[in-house]
Amino acid sequence: MDEVLDERKRKILKAIIKTYMETGEPVGSRTISKYPDLNVSSATIRNEMSDLTDMGYIVQPHTSAGRIPSDKGYRLYVDELTREKEAEIAEIRDLMIEKSDKMDKVLKQVAKVLATNTNYAAMVAVPQYKGSTLKFIQLSRVNERQLIAVVVCEGNVIRNQIINIDEEMDDQTILKLNLLLNTNLNGVPIQDINLGMIARLKEQAGSHSGVVADVLDAVAATIHVDEEDMKVYTSGATNIFKYPELADTSRASELISTFEDKQELADMVREEMGDPENTGVQVYIGDEVPVRTMKDCSVVTATYELGDGMRGTIGIIGPKRMDYENVVDSLKKLKVQLDEMVNKKT
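Computed from a prediction, not measured in an experiment: that's the story for all the values here.

1. Examining the overall build of the protein
Along its length, the protein carries ten helices and ten strands. Summarising the internal contacts of the protein: among those between residues at least 6 apart in sequence, 62% fall at separations of at least 24. As displayed, the protein offers around 18,100 Å² of accessible surface, 47% of which is attributable to carbon and sulfur atoms.

2. Topic: the side chain of Ser 298
Note on placement: Ser 298 falls in strand E9 (residues 297-307). At a separation of 2.7 Å, a polar atom in the side chain of Ser 298 contacts the side chain of Tyr 324. Setting aside residues no more than four positions away along its own chain, Ser 298 makes contact with Tyr 284, Ile 285, Gly 286, Ile 316, Ile 317, Gly 318, Pro 319, Lys 320, Met 322 and Tyr 324.

3. Brief notes about the pairing of strand E4 (residues 134-143)
One ladder, built from eight bridges, connects E4 with strand E5 (residues 146-153); its direction is antiparallel. By the bridge assignment, Ile 137 is partnered in E5 with Val 151. Between E4 and the antiparallel strand that follows it, E5, lie two residues.

4. Thoughts on the packing of aromatic side chains
Evaluation of the coordinates by the stated rule reveals one aromatic pair. Measuring from ring centre to ring centre gives 5.6 Å for Tyr 120 and Tyr 243, while their planes differ by 40°; the resulting arrangement is tilted. One end of the pair, Tyr 120, is in the loop between helix H4 (71-118) and strand E3 (121-129); the other, Tyr 243, is in the loop between strand E7 (232-235) and helix H8 (249-261), with 123 residues separating them in the sequence. Exposure class is identical for Tyr 120 and Tyr 243. Each is buried. A cation over a ring is seen here: Lys 72 above Tyr 57, with NZ or CZ 4.5 Å from the ring centre.

5. A few points about the nonpolar core
Across soluble globular proteins, nonpolar side chains show a tendency to be buried alongside one another. If you look at the biggest cluster of nonpolar residues, it comprises 27 residues, and the most contacted ones within it are Leu 134, Leu 139, Leu 185 and Val 211. The greatest single-element share of this core, amounting to six residues, is contributed by helix H7 (residues 209-221). Those residues in contact with Leu 185 that sit more than four places away from it in its chain are Leu 134, Ile 137, Ile 193, Met 197, Leu 201 and Leu 216. The next biggest cluster of nonpolar side chains, apart from the first, holds 24 residues, and it includes Met 103, Ala 122, Val 124 and Val 126.

6. A word on the environment of Lys 18
In this structure, Lys 18 sits in helix H1 (residues 7-23). Along the backbone, Lys 18 and Tyr 77 are 59 residues apart, and their C-alpha atoms lie at a distance of 9.7 Å. Not counting residues up to four positions away in its chain, the partners in contact with Lys 18 are Tyr 35 and Tyr 77.

7. Quick look at the pattern of salt bridges
Any two side chains of opposite charge can pair, given that their charged atoms come close. Evaluation of the coordinates by the stated rule reveals ten salt bridges. Its salt-bridge partner being Arg 75, residue Asp 79 comes within 2.7 Å of it at the nearest N-O pair. Within this pair, Asp 79 and its partner Arg 75 are both found in helix H4, separated by four residues, close to a single helical turn. For Arg 75, a relative accessible area of 37% puts it in the partly exposed group. Arg 141 serves as the salt-bridge partner of Asp 171, at 3.2 Å between the closest nitrogen and oxygen. Here Asp 171, found in helix H5 (residues 171-185), pairs with Arg 141, found in strand E4; they are 30 residues apart in sequence, far enough to count as distant. Connected through salt bridges with shared partners, the residues Asp 6, Arg 8, Lys 9, Glu 48 and Asp 51 form a single ionic network.

8. Description of the packing of H5 against helix H6 (residues 195-205)
In the contact formed by H5 and H6, the axes pass within 11 Å of each other and the chain directions differ by 155°. Comparing the axis directions of H5 and H6 gives the class roughly antiparallel. In the crossing of H5 with H6, the sense of the turn from one axis to the other is right-handed. Of the residues in H6, those touching H5 at Leu 177, Leu 180, Asn 184 and Leu 185 are Met 197, Leu 201, Gln 204 and Ala 205. Its residues assigned to classes, the contact of H5 with H6 shows six nonpolar, two polar and no charged.

9. So, H6
Met 197, Leu 201 and Ala 205 are the residues of H6 that are buried. On an axial view of H6, the arc spanned by its buried residues comes to 70°, and they lie on one face. Exposed positions of H6 whose direction lies more than 90 degrees from the buried face are Leu 195 and Glu 203. At the N-terminal end of H6, a side-chain oxygen is found 3.2 Å from the backbone nitrogen of Gly 196, two or three residues along, and the residue is Asn 194. Among the residues trailing H6, Gly 206 stands out with phi positive, at a value near 60°.

10. Quick look at the environment of Val 150
Mapped onto the fold, Val 150 is located in strand E5. By relative accessible area, Val 150 is classed as buried at 7%.

Calculation criteria
Residues numbered from 1 in each chain as written. Predicted model: local features only at pLDDT ≥ 70, side-chain atom pairs only at ≥ 80, totals over all residues. Heavy atoms only, no water. Helix = DSSP H or I, 4+ residues; strand = E, 2+ residues; numbered from the N terminus. Contact = heavy atoms within 4.5 Å. Areas by Shrake-Rupley, 256 points an atom, 1.4 Å probe, with all protein chains shown as cover. Polar contact = N/O pair within 3.5 Å; in protein donor to acceptor, adjacent residues only side chain to side chain. Pairing = 2+ DSSP bridges. Phe/Tyr/Trp six-rings, centres within 6.5 Å; stacked < 30°, edge-to-face > 60°. Buried < 20%, exposed > 50% of the residue type's maximum accessible area, 1.4 Å probe, protein only. Lys NZ or Arg CZ within 6 Å of the ring centre and 35° of its normal. Core = buried A, V, L, I, M, F, W, Y, C linked by side-chain atoms within 4.5 Å. Salt bridge = Lys/Arg side-chain N within 4 Å of Asp/Glu carboxyl O. Axes fitted to C-alpha atoms, helices over the stretch in contact; angles between N-to-C directions. Parallel < 35°, antiparallel > 145°, perpendicular 65-115°, else oblique. Left-handed = near helix turned anticlockwise from the far one by under 90°. Nonpolar A, V, L, I, M, F, W, Y, C, P; charged D, E, K, R; others polar. Arc of directions from axis to C-beta.

So, in structure tokens, the structure goes:
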């Protein structure tokens, strides 16, 4: 049975492995003593390194006074790293599921309140993440021919990507790729990842450049808004029957279909959110409305922001003779209140 390492020995072993992975050179006690979180003397570190050598976690090459990690040391490091990241990812997932359920309920209620207060139709688009920054990337083995890349971005957006590999990778290689990716990409806005950066990463990855390319594909996918990702809640569609100019059977039928299908509404939201200038209230009248079935309507929208790069859209659809003052006031109030409503303690 392996000996139990105390906290100081674990920190020293971790420092040795990280330094060796960065430099490829045997690591001495003087180098380790410079780590700010250790705060112990070189003599103490030498004693601890001697114990780690006796326990088989590090070895001393015969040509050097420094130490390098053994397979046993790498195994402990990789196992602990994996446990830490898996626990963090599980915690993020649980938090996001809870937050997502809460947000869905709030946004459905927002649509209902808007429709009731204005006597028009209302829509609310679930916020999407824009300008996301990478938090961390974790590569783990699934089996001999597959890895899984877990990409976590600002706002705790998670993307999993299965990567097929031609030959089995050992723990040290996976560890090197994790260090390469995280050292270069953590804290980097995704839109700042350019061809030059990708080329350098692939060159440093050597024969494993294909894995790096697949991971970067997963990174790009975290900011791609798919059709199924864009949720739009609607309420009050039947209010349009209250207005004779919209109550014509064919027109009303097309409008109702638009509210039921929601695809054209999602396209409108996507187009609006793609314009960074659209941060306040927007009014579209008649032919200005980007939805084909709403050319006899007016649409008033507002973009709301919930922090961490999250932006969504709330909107009112009604006749051209709608009470614009009331609608704009309602949207402005909701725009201010929405952040508090979503984030208040339960």
